[in-house]
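Inside the fold
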Amino acid sequence: MLPIKLFSGARKMEKPFIFINSAMSADGKLSTKERKQVRISGKLDFERVDELRAQADAIMVGIGTVLSDDPSLTVKSQERRAARKAAGKDENPVRIVVDSSARTPLDADIFKKGEGTRIIAVSNSAPAEKVRKLEEKAVVIRTGTEKVDLEELVRKLKEMGIKTIMVEGGATLNWGMLSAGLVDEIYTFVGNLIIGGKTAPTFTDGEGFTEAELLGLELLSAEKIEDGILLKWKVKKGN
Ligand SMILES: NC(=O)C1=CN([C@@H]2O[C@H](COP(=O)(O)OP(=O)(O)OC[C@H]3O[C@@H](n4cnc5c(N)ncnc54)[C@H](O)[C@@H]3O)[C@@H](O)[C@H]2O)C=CC1
Ligand SMILES: Nc1nc(O)c(N)c(N[C@@H]2O[C@H](COP(=O)(O)O)[C@@H](O)[C@H]2O)n1
């Protein structure tokens with residue numbers, strides 16, 4: 001594997017640098033039709049992901065991912081956690097869940113595992129009692145009427161000092177972030193399997209772009225890792 005080069009985009013910091021990292025099957029699926037998590041990455045790719053997590057200020061996922069996978073979103077390597085500590089940071093990046101209706105379970109692994117700040121982003125229509133319970137475990141950010149306003153959320157995260165956000169899916173959040181023009185780079189690991197199923201989540205679901213709105217990408221690199229390929233893309237702005 002080539003040496004890991006993090007975050008090629010050295011753009012001016014008017015907003016946090018935001019990248020999506022996902023693992024998908026050769027047919028572009030993130031998980032099965034039952035939304036069951038699948039091991040797509042091999043050992044080396046999981047190491048790469050762990051390094052990305054360790055370098056990021058924050059990791060963001062959608063509530064769909066929390067409900068189906070119950071991820072902890074922690075940095076797995078003890079050395080990387082120690083390096084973060086030595087640099088005066090928490091062992092884990094800030095963990096952010098985009099959760100319009102405050103559905104995050106109070107016993108979710110993101111609360112149970114690892115130190116560090118958790119942020120739950122809810123809309124203003126989220127049930128008050130559940131929000132109050134979440135506030136005992138996390139910083140709650142309210143934005144948007146029915147649905148989290150991702151642009152405003154990102155602005156608030158920047159005000160909190162977050163400079164780099166790693167988005168780890170799923171399919172709907174990827175669409176929300178891409179369609180709002182918030183993503184700078186995309187890293188997709190394409191693994192050596194076919195998942196199939198027209199209801200299985202793909203890298204980007206949501207409404208989809210019209211022909212006039214299609215999002216252009218510039219290929220930054222393509223690297224074989226074990227039996228898959230890592231594609232790094234830069235999102236073209238203003239197209
Ligand atoms: N292979 C991989 O790298 C990954 C796979 N996955 C898979 O993806 C699936 C989950 O994906 P989804 O069901 O699409 O859920 P998701 O994780 O994308 O969460 C979607 C939810 O986010 C919330 N949301 C709030 N405001 C939003 C906004 N403005 N824009 C977009 N979403 C907003 C909505 O409640 C929406 O239902 C799971 O099956 C999981 O296993 C998830 C992450 C990574
Ligand atoms: N990079 C990557 N490769 C795969 O093969 C995967 N299945 C995933 N899934 C993502 O990892 C999250 C789990 O995180 P924790 O180990 O619990 O910290 C899962 O929710 C998906 O976002 N990713």
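Coordinates for the structure precede this section.
The structure reproduced in this document is the subject of the present report. Because the structure is predicted, anything quoted here is derived from the model rather than measured.

Attention now moves to the pairing of strand 3 (residues 94-98). Where burial is concerned, most of strand 3 is hidden: 5 out of the 5 residues are buried. Two elements, strand 2 (residues 58-62) and strand 3, share 5 bridges in a ladder whose sense is parallel. Within strand 3, the residue paired with Gly62 across the bridge is Val98. As paired strands, strand 3 and strand 4 (residues 118-122) are joined by 4 bridges and run parallel to one another. Opposite Ile96, over in strand 4, you have Ile119 as the bridge partner.

Close contacts around ligand 2 come from 17 residues, with Val38, Ile40, Ser41, Arg53 and Lys76 the closest. Taking Ser41, its side chain carries an N or O atom lying 2.6 Å from a nitrogen atom of ligand 2. Note that an oxygen atom of ligand 2 is positioned 2.9 Å from one of the side-chain N or O atoms of Asp69. Protein chains shield 83% of the accessible area of ligand 2, which is 520 Å² for the free molecule. Going through the elements one at a time, helix 1 (43-55) and helix 2 (63-69) are the ones with two or more residues in the shell around ligand 2.

How each quantity is defined
Residues numbered from 1 in each chain as written. Chains lettered and ligands numbered in written order. Predicted model: local features only at pLDDT ≥ 70, side-chain atom pairs only at ≥ 80, totals over all residues. Heavy atoms only, no water. Buried < 20%, exposed > 50% of the residue type's maximum accessible area, 1.4 Å probe, protein only. Helix = DSSP H or I, 4+ residues; strand = E, 2+ residues; numbered from the N terminus. Pairing = 2+ DSSP bridges. Near = heavy atom within 4 Å. Polar contact = N/O pair within 3.5 Å; in protein donor to acceptor, adjacent residues only side chain to side chain. Areas by Shrake-Rupley, 256 points an atom, 1.4 Å probe, with all protein chains shown as cover.

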